[in-house]
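# Overview (structure and organization)
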Amino acid sequence: MALALVAVSIVAIGAVMAVKARGVRVMEQHVALMQATRTLMTVGIPPRTELRSGTATGQAEGYRWTIDVSPLGDGWTIPDGKVPWTPELVRIRVRSSGGALSDVRTVRLMLRPSQ
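A word on the overall build of the chain. From N to C terminus, the chain includes one helix and four strands. Listed by position from the N terminus, the elements making up the chain come as α-β-β-β-β. Compactness check: the chain gives a C-alpha radius of gyration of 24 Å against a globular reference of 13 Å for 115 residues, more than 25% above the reference. Referenced to the eigenvectors of the C-alpha coordinate spread, the extents of the chain come out at roughly 90 × 30 × 20 Å. Put simply, the chain has 115 residues, and 17% of those count as buried. For the chain, the accessible surface area stands at approximately 8700 Å², while carbon and sulfur atoms represent 62% of it.

The following block contains the structure:
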């Protein structure tokens, strides 16, 4: 009887450990994806004086990434304004080889083209 109780306890502990180990792996993968996204935000977006509308794609360290830069607000204009900067929506998508996706959006100021 005692041996059966010990066996059931060991099986239960093993099942809990397996679930916890799987959770740790998922968390590590998520942290790695967020770190890849953060790195791309730091070094992948050009400085504001060089930022241009369009799409850039690439792959690094097993992650595929896309950076989309588009006007924010569907062509907002400032009447009689001589503002040298315009807000641009920057969307960064990073996908891991396992299919996990990070989708981050931010706003950057872009030098308005000369008219």
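By secondary structure assignment, the location of Thr-37 is in helix H1 (residues 2–43). On the basis of relative accessibility, which here comes to 2%, the residue Thr-37 falls in the buried class. What Thr-37 contacts, discounting residues up to four positions off in sequence, is Val-94, Ser-102 and Val-104.

What follows is about the nonpolar core. Counting residues in each nonpolar core, the largest one holds 12 residues, listed as Leu-33, Leu-40, Ile-45, Leu-51, Tyr-63, Trp-65, Ile-67, Val-69, Val-90, Ile-92, Val-94 and Met-110. For this core, the element with the highest residue contribution is strand E2 (residues 63–71), accounting for four residues. With near-sequence residues (within four places) excluded, Ile-67 lies in contact with Leu-40, Gly-44, Ile-45, Gly-54, Thr-55, Ala-56, Val-90, Arg-91 and Ile-92.

With the exception of glycine, the majority of residues adopt a negative phi angle, and the majority of peptide bonds are in the trans configuration. Although it is not a glycine, Glu-61 adopts a positive phi angle of roughly 50°. Assignment of secondary structure puts Glu-61 in the loop between strand E1 (54–60) and E2. Overall, Glu-61 belongs to the exposed group, its relative accessible area being 77%.

Glancing now at H1. Taking 1.5 Å of rise per residue, 42 residues should cover 62 Å, and H1 covers 61 Å from first to last C-alpha, within 8% of that figure. Taken residue by residue, H1 has Leu-33, Thr-37 and Leu-40 as its buried positions. In this structure, the buried residues of H1 make contact with E2, strand E3 (85–95) and strand E4 (101–111).

What follows covers the environment of Gly-44. Structurally, Gly-44 can be placed in the loop between H1 and E1. A relative accessible area of 28% places Gly-44 in the partly exposed class. Along the primary structure Gly-44 and Trp-65 are separated by 21 residues, whereas in three dimensions their C-alpha atoms are 9.7 Å apart. Leaving out residues up to four positions away in the same chain, Gly-44 has contacts with Thr-39 and Ile-67.

Thresholds applied
- Residues numbered from 1 in each chain as written.
- Predicted model: local features only at pLDDT ≥ 70, side-chain atom pairs only at ≥ 80, totals over all residues.
- Heavy atoms only, no water.
- Helix = DSSP H or I, 4+ residues; strand = E, 2+ residues; numbered from the N terminus.
- Rg over C-alpha atoms; globule rule 2.2 N^0.38 Å.
- Buried < 20%, exposed > 50% of the residue type's maximum accessible area, 1.4 Å probe, protein only.
- Areas by Shrake-Rupley, 256 points an atom, 1.4 Å probe, with all protein chains shown as cover.
- Contact = heavy atoms within 4.5 Å.
- Core = buried A, V, L, I, M, F, W, Y, C linked by side-chain atoms within 4.5 Å.
- Expected span 1.5 Å × (residues − 1).

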